Structure formats: structure tokens, C-alpha cells
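If you want the building blocks of each chain, they are given just below.
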Amino acid sequence: MVTGGAGYIGSVVSATLLAAGHEVTVLDDLSTGHRDAVPAAAHFAPTSITRAEPVLRDNGIEAVVHCAAKSLVAESVQSPQLYWDNNVGGSLALLEAMRAAGVRRIVFSSTAAVYGQAAEVPILESAAAAPSNPYGASKLAVDHMLTSYAVAYGFSAVSLRYFNVAGALLSPDVQLGERHATETHLIPIALQVVAGERPELAIYWTAYPTPDGTCVRDYIHVRDLAEAHLRALDWTGTAGAEHLVCNLGSGQGNSVREVLDAVQAVTGTAPAVREAPNRAGDPAVLIASNTRARAVLGWSPTRSLNEMVGDAWRFSRA
Ligand code: UFG
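Keep in mind it's a predicted model, so treat the numbers as computed, not measured.

1. Quick word on the site of the ligand
If you check the shell around the ligand, you find 20 residues, and the closest are His-185, Ala-202, Cys-215, Arg-279 and Asp-282. Measuring from an oxygen atom of the ligand, one finds a backbone N or O atom of Thr-184 at 3.2 Å. Within the backbone of Ala-202, one N or O atom sits 2.7 Å away from a nitrogen atom of the ligand. Out of a free accessible area of 690 Å², the ligand has 90% covered by protein chains. Mapped onto the shell around the ligand, the elements with two or more residues apiece are helix 6 (186-194) and strand 10 (201-204). With four residues, strand 10 is the largest single contributor of residues to the shell around the ligand. Split into classes, the residues belonging to the shell around the ligand amount to 13 nonpolar, four polar and three charged.

2. Quick notes on helix 10 (residues 305-317)
Over its 13 residues, helix 10 runs 18 Å from end to end, which matches the ideal 18 Å to within 8%, given 1.5 Å per residue. Along helix 10, the positions that sit buried rather than exposed are Leu-305, Met-308, Val-309, Gly-310, Asp-311, Ala-312, Trp-313 and Phe-315.

3. A closer look at the sheet that holds strand 1 (residues 2-3)
Strand order in the open sheet formed by seven strands is 3-2-1-4-5-6-13, and the pairing between neighbours is parallel. Edge positions in the sheet fall to strand 3 (43-45) and strand 13 (242-248), since each of these pairs with one other strand and no more. Seen against the sheet, helix 4 (residues 80-101) touches strand 1, strand 4 (64-66) and strand 5 (105-111) and runs at an angle of roughly 175° to strand 4. Across the sheet, helix 7 (residues 222-238) is in contact with strand 4, strand 5, strand 6 (156-162) and strand 13; its angle to strand 6 comes to roughly 160°.

Procedures and definitions
- Residues numbered from 1 in each chain as written.
- Predicted model: local features only at pLDDT ≥ 70, side-chain atom pairs only at ≥ 80, totals over all residues.
- Heavy atoms only, no water.
- Near = heavy atom within 4 Å.
- Polar contact = N/O pair within 3.5 Å; in protein donor to acceptor, adjacent residues only side chain to side chain.
- Areas by Shrake-Rupley, 256 points an atom, 1.4 Å probe, with all protein chains shown as cover.
- Helix = DSSP H or I, 4+ residues; strand = E, 2+ residues; numbered from the N terminus.
- Nonpolar A, V, L, I, M, F, W, Y, C, P; charged D, E, K, R; others polar.
- Expected span 1.5 Å × (residues − 1).
- Buried < 20%, exposed > 50% of the residue type's maximum accessible area, 1.4 Å probe, protein only.
- Pairing = 2+ DSSP bridges.
- Contact = heavy atoms within 4.5 Å.
- Axes fitted to C-alpha atoms, helices over the stretch in contact; angles between N-to-C directions.

As C-alpha cells, this is what we get:
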């Protein structure tokens, strides 16, 4: 069962699981997801993560990939109640439903936002977790929940800490990408500017202590990310009562200006930009160490920044 399987990452994970031969039930309340993003071959349960128990029982679910969440950093600062309720309360209800239904395998969408402003890059999973906003704090709370459920109730759990996810899944029968009502992410916004759907892109600060002064992030293709979920799911099938935490990133950083160069290379147009003050809470540099994901899951990312931007561009044009 994939929660949030009508959303950006959950839909690509669902399609990737189906392509690998898994049977998939998508649970999604469509609060931010899209019904047409649920792959046709998946069974669809249009409900909330707080009502998962009958879905688990009726569909003979063996394992859960839990992607459903609220995920806007700025919204989490303004309305933290939504994040404690949906992300923490909702996840607790889901884990309790799993316990009641005897399902003990889970792969959870965690985030680099749990680290806050990391003291050292690349960031290891052992780095201190000090989230700088309620979104990151809510995800960290669920990470802790999973550790305790592994110890007390024999859960086999993986927290995947995503860095900056980009790109799309484009195949003849399925096209899945970012379609957020509120778009805050760099690559889709830059592509909207190139397409004439926005006047310009604000570069949030150009005097960070980085080589070109703009923020550095670790971009990872959503298809590479989805493949890591398959590996993590397999891991829960062989591990005992254990909670594994793994970063998912490329291990390399790109600045905002480098991303904009990739947008120009792919589309042939340089997006119009304006230099703007920094966005509150943005760390200067976030780069993953992906050594653990490589060693334990046998996973390695293969797709470049240009492929992410190219796939996102083709998806937005389609
Ligand atoms: N940026 C701009 N202009 C924009 C949008 C973004 O300059 O219009 C910059 C940001 O300052 C940042 C970089 O582009 O340096 C990437 O920003 P995104 O909003 O695309 O991504 P974030 O790094 O802020 O966020 C990502 C995930 C979050 C997660 C966070 C962890 O999308 O879910 O990493 O820090 F919480």
C-alpha cells in the first residue's frame, strides 16, 4: 500500500513498484494529490491515513510505503497544527492500524529537513537532527516513532531522508511529475518562467558563503528515488525488528545558478531572474552522504541534473 500515491513522489513510486511486478493499493484522500496520477493498474482507496485499517485488511497488504504528508516548509511555520495533526497524528494512526492488521513492514518518506543547518557536509545520517521548521520536526517525530515501533512491536522500518527531488517519470503509458497547486520548488518555477507562465524567478540571496553566492542543494531524480524505495521495501522483507535511516541524495551539490544554467541548456532559454533577499530558514549548503544507501540498500543514483531538468521540462510541456 502506498499512502500519498496520488502525489508527485508517491505516484512515481507506485508506478515503479508496479513495473517491478508488485501489486499496489494507493491510499490517498486527494487533498493535494490528483486522481489521474494514480497508475491505472493500482487499486485506489480514496481515504485518509487515519482510516487505513480496513484498506490494509481488505487488500491483504504486506507492506506500506508511507508518502502521504503535508510538505510545505513555509505553511508549516504559519500553521504548525496542520503538520502535527497530519504528519505526526496521521502517521501514528497509520502505524496503529498496521499493528492491528498485523502489517509490520514500512518505508517512510523522511526528509533532509530533519537536519536543519548541518554543521558538516556531506551530511551523514549520524549528524545531529535539529530541524529549523515544524515540517522537518514533524518528519523527525515519525522517525523516532518508527524506532520505538521496531523495538516494541517488531516493525521492520526504513526512513528515507530525501534531499531535493526533481524530474519526472515519462514512459509511453504513464507520465508523472510535479503538479503542485502551490509551487515553491526551484526547477518547476524556473521552467514556468521559461514557458512564459511567470514573469521571473526570484533568486533567494546571492551572498551565501558558496562558490557563486547562491544556495547549494543535492538534487536527485525522482526515478532514482523511486528505485531506492524498491530496495528499501526488499530490505524490510529480510531484516528483523529494525529501523534503518538512509539519506537519498546524489552526494553532489549544485548551486541555484548551476540549476538555472541547466534550465537554459535544456530549454534554450535563460529564465528571467531577479536577486531577492534570502528565504527564511534556507541553509546555505545541503549535500547528502549517500554511502549508507549504497552499502546497505545496494542503491546508486544514475541520472544527472540535466536529465532531471529535461524530464521536468517535457512533463510540463505534455
Ligand atoms: N530557490 C530560489 N528561488 C525560488 C525557489 C527556490 O532561489 O523561487 C532556491 C532556494 O533558496 C534553495 C533552492 O532554490 O536554495 C532549492 O529550493 P527548493 O524550494 O526547490 O527546495 P528546498 O531546498 O527549499 O527544499 C527541499 C524540499 C523540502 C525539504 C528541504 C530540506 O523540497 O521538502 O529540501 O531542506 F524540506
